Amino acid sequence: MKLRSCTLFLLLTVLISSCTPGSTQVPPSLSAPGAAATVQDQAAQTGSAPASVAATPVSAQVTQPAGLVYPQFSGAGLAFDRGDLFTGSGVCTGCHNLQTDATGRDVSIGSNWSATMMANSSRDPYWLATVRSEVELEPELRAVIEQKCATCHAPMAEVTALWAGQPTLLLDEGFQSPGHLLHGLGMDGVSCNLCHQVEGGNFGLAESFSGGFAIDLETPSGSRYSYGPYQVGQQRVTIMQSASGFIPVQGAHTSQSELCGTCHNLVTPFVDASGQVAGEFAEQAIYSEWENSAYNGTQGCMDCHMPVAEGAVQLSITGGPPRSPFSQHTFTGGNAYMLNILRYFGEQIGVSTTSASLEQAYQATQRLLGTQTATLRLENLALEGSTLRGEVVLESLVGHKFPGGYPSRRAWLHIRVLDAAGNIAFESGAVNLDGSITGNDNDADASRYEPHYTLLSAPDQVQIYESILLNSDGAVTTTLLRAAAYAKDNRLLPQGFDLAGATTDTLVFGEAVQDADFAAAGDRLGLLLDLGGAVGPFSVQVELLYQSIGYRWAQNLLMDTTTEALTFGGYHASIPNLPLVVASAQADLQP
């Protein structure tokens, strides 16, 4: 059997952000629904990025964006394309849909999967704008960049094109073009027929990472295997082969974390200032982070991101025995902001799913982030005159670093001290309407960044858990093609993470390396806050906030004037990029 193995260059989507399930959204006042066209027109006329919203701090107590009404739509429908190697998701969900669990809850594979970032991996407007930006930076590398992006964002089209000896371009005349023969398979994203055809022979090996999943390229259409976790009786085999052209075969490897690792461990080449390839850079290493944690052997990717349904579930409308455990195809991650863009602009973007399914996916993302991602405690609080001392203790419950995956993601502590009258006596980490963080050096100046703190003592100090990238010249960058090293990586480590045994792809960088209180499973931050003449009793409030696209990452991209950047800019101007509350703690302190 001839197997095809892919190598990924740029993986910009990230499903896995936290190995956990609800939260509230810190909200805003919003642009009018028509703002998208206005922003695009303005940018096109001026050749500059859309102006950012005035930096006005947002109250963390408001939980719903004011004035934003999401439209209702039925979606464009799933793909029914059939090729020599793959078929579209519509062929699969014709039978594998309309499922309910033991409680009667809808757990349909089709409606759940179609609303995920996996299904929308090739439609994600932020990803498309970023791919275009990278290609514009180094146009002579276009073929390489677009093929490697397609490996995990439009994999069925990319594998088919390589197998047929055709170009693997994404943009313009590539898979994104409606006239391309592989457009339907390309726009079907990370689809059923891709994951269920992956062979497990190279799982966990370096060759499997960076999009190195293996696909059988020799077995002809009509006789190809589709792997799943269960044994299948001959009658069901006959029905599925007749309906889809694929033979269902039990393959336990489809439940392994190593399957996820083929795209969620990513090393990319980078170029220097002259455009020459100068080395490789670990853009994300979610699988390796998990492998070096206490979760390895006890809890895998799918336990968190494909939660098991209640009781047994019948897999097909054609019948067959109910199966248990049944992993729901929700693939819930941390990209709540992009899900909101899809909810609001779904018809324009061309999503295949319904607005109702996207709303459910967003709510699942809130649950995933808000109840098991992290815990916060306030300890040893004391007043010494006008000075408040204490500690914020943060524990991560995630099976990999948090935030995980694509380096645009960040989490930070929002700390407030209110006096007896409810006025703010101290505040650090307030979020503004434009999604920026008050006091964050990187949001104010693209060339700087906020260090990791062991002791926080001033309002312009913010404890941000993030990765900051450097190019080959040592300058801060958000351009993946230039990313050569980490200046800072203090993302929270998973429980049981062995720093001594960590690979170079998963190390800690920056001041956190010297912080004895920054260790596996969390961080302990000292507080030394001057409350001035404020009068107590005081209320000390701390939140862990999270964004999937940090302010600087968005703003740098919006400086581009490409069609893709202007389109994303329009969406970004209409949907507030405000954080989710991951965890919170509050304590009262008497003078």
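Because the structure is predicted, anything quoted here is derived from the model rather than measured.

Caption draft 1: How the structure looks around the packing of aromatic side chains. Tallied over the entire structure, the rule returns twelve aromatic pairs. On the numbers, 4.9 Å between centres and 75 degrees between planes, the contact of Tyr344 with Phe345 is edge-to-face. For Tyr344, a relative accessible area of 11% gives the class buried. On the accessibility criterion, Phe345 (7% relative accessible area) is buried. Aromatic pair Tyr486 and Phe509: ring centres 5.6 Å apart, planes at 25 degrees, arrangement stacked.

Caption draft 2: Highlighting the packing of helix α13 (residues 336–349) against helix α17 (residues 563–574). Where α13 contacts α17, the axes come no closer than 10 Å and their chain directions differ by 115 degrees. The handedness of the crossing between α13 and α17 is right-handed. Contacts from Tyr337, Met338, Ile341, Phe345, Gln348 and Ile349 in α13 reach Phe568, Tyr571, His572 and Ser574 in α17.

Caption draft 3: Structural context of the side chain of Ser133. Structurally, the position occupied by Ser133 is in helix α4 (residues 125–137). Looking at Ser133, the relative accessible area reads 19%, which means it is buried. Once you skip the residues sitting within four places of it in the chain, Ser133 turns out to touch Leu557 and Asp560.

Caption draft 4: The nonpolar core, seen in detail. Counting residues in each nonpolar core, the largest one holds 74 residues, and the members touching the most others are Ile341, Leu376, Phe402, Leu413, Leu544 and Phe568. By residue number, the principal contributor to this core is α13, which donates nine residues. In contact with Leu544, not counting residues within four places along its chain, are Ala374, Leu376, Leu394, Phe402, Ala411, Trp412, Leu413, Tyr465, Leu580, Val581, Val582 and Ala583.

Caption draft 5: Examining α17 more closely. Helix length check: α17 (twelve residues) gives 17 Å between terminal C-alpha atoms against 16 Å at 1.5 Å per residue, within 8%. Among the twelve residues that make up α17, nine are buried, leaving the element largely enclosed by the rest of the structure.

Caption draft 6: Broad picture of α13. In a regular helix each residue adds 1.5 Å, so 14 residues correspond to 20 Å; α13 covers only 17 Å between its end C-alpha atoms and thus falls short of that length. In α13, a bend of some 55 degrees at Arg343 exceeds every other bend along the element. Within α13, twelve of the 14 residues are buried, which leaves the element mostly enclosed by the surrounding structure. Ala336, Tyr337, Met338, Leu339, Asn340, Ile341, Leu342, Arg343, Tyr344, Phe345, Gly346 and Ile349 are the residues of α13 that are buried. Among the residues trailing α13, Gly350 stands out with phi positive, at a value near 90 degrees.

Caption draft 7: Molecular detail of the pairing of strand β11 (residues 410–418). In terms of burial, β11 is a largely internal element, nine of the nine residues being buried. Residues Arg410, Trp412, His414, Arg416 and Leu418 of β11 are buried on one face, and the alternating residues Ala411, Leu413, Ile415 and Val417, pointing to the opposite face, are buried as well. One ladder, built from nine bridges, connects β11 with strand β19 (residues 538–547); its direction is antiparallel. From the neighbouring strand, Ile415 faces β19, where its bridge partner is Val542. As paired strands, β11 and strand β14 (residues 464–465) are joined by two bridges and run antiparallel to one another. Residue pairing in the sheet places Ala411 in a bridge with Tyr465 of β14. As paired strands, β11 and strand β12 (residues 424–428) are joined by four bridges and run antiparallel to one another. Looking at the pairing, Leu418 lines up with Ile424 of β12.

Caption draft 8: Broad picture of the sheet that holds strand β16 (residues 476–477). The three strands lie next to each other as β16-β15-β17, forming an open sheet whose pairing is antiparallel. The open sheet has two edge strands with one neighbour each: β16 and β17 (485–489). Pairing geometry for strand β15 (residues 467–470) and β17, over four bridges, is antiparallel. Residue pairing for β17: Leu470 is matched across the bridge by Ala485.

Caption draft 9: Inspection of the sheet that holds strand β10 (residues 387–396) at higher detail. Ordered in space as β9-β10-β18-β13, the four strands form an open sheet in which the pairing is mixed. For this open sheet the edge positions go to β9 (374–384) and β13 (455–456), each flanked by a neighbour on one side alone. As paired strands, β10 and strand β18 (residues 522–530) are joined by nine bridges and run antiparallel to one another. From the neighbouring strand, Thr387 faces β18, where its bridge partner is Asp530.

Caption draft 10: Up close: the pattern of salt bridges. If you walk through the whole model with that rule in mind, you get 17 salt bridges. Across the pair Arg132 and Asp172 runs a salt bridge whose closest N-O atoms are separated by 2.7 Å. Remark: Asp172 occurs in the loop between α6 (155–163) and α7 (183–187) and Arg132 occurs in helix α4; sequence separation between them is 40 residues. Asp172 sits in the partly exposed class, given a relative accessible area of 46%. For Arg410, the salt bridge goes to Asp443, with nearest N and O atoms at 3.0 Å. You can see Arg410 sitting in strand β11 and its partner Asp443 sitting in helix α15 (residues 441–444), a full 33 residues away along the chain. Judged by its relative accessible area of 3%, Arg410 is buried. For Asp443, a relative accessible area of 7% translates into the label buried. Put simply, Arg132, Arg142, Glu146, Asp172, Glu173 and Glu564 are held in one network by salt bridges that share partners.

Definitions and limits used
- Residues numbered from 1 in each chain as written.
- Predicted model: local features only at pLDDT ≥ 70, side-chain atom pairs only at ≥ 80, totals over all residues.
- Heavy atoms only, no water.
- Phe/Tyr/Trp six-rings, centres within 6.5 Å; stacked < 30°, edge-to-face > 60°.
- Buried < 20%, exposed > 50% of the residue type's maximum accessible area, 1.4 Å probe, protein only.
- Axes fitted to C-alpha atoms, helices over the stretch in contact; angles between N-to-C directions.
- Helix = DSSP H or I, 4+ residues; strand = E, 2+ residues; numbered from the N terminus.
- Left-handed = near helix turned anticlockwise from the far one by under 90°.
- Contact = heavy atoms within 4.5 Å.
- Core = buried A, V, L, I, M, F, W, Y, C linked by side-chain atoms within 4.5 Å.
- Expected span 1.5 Å × (residues − 1).
- Bend = angle between axes of the 7 residues up to and from the residue.
- Pairing = 2+ DSSP bridges.
- Salt bridge = Lys/Arg side-chain N within 4 Å of Asp/Glu carboxyl O.

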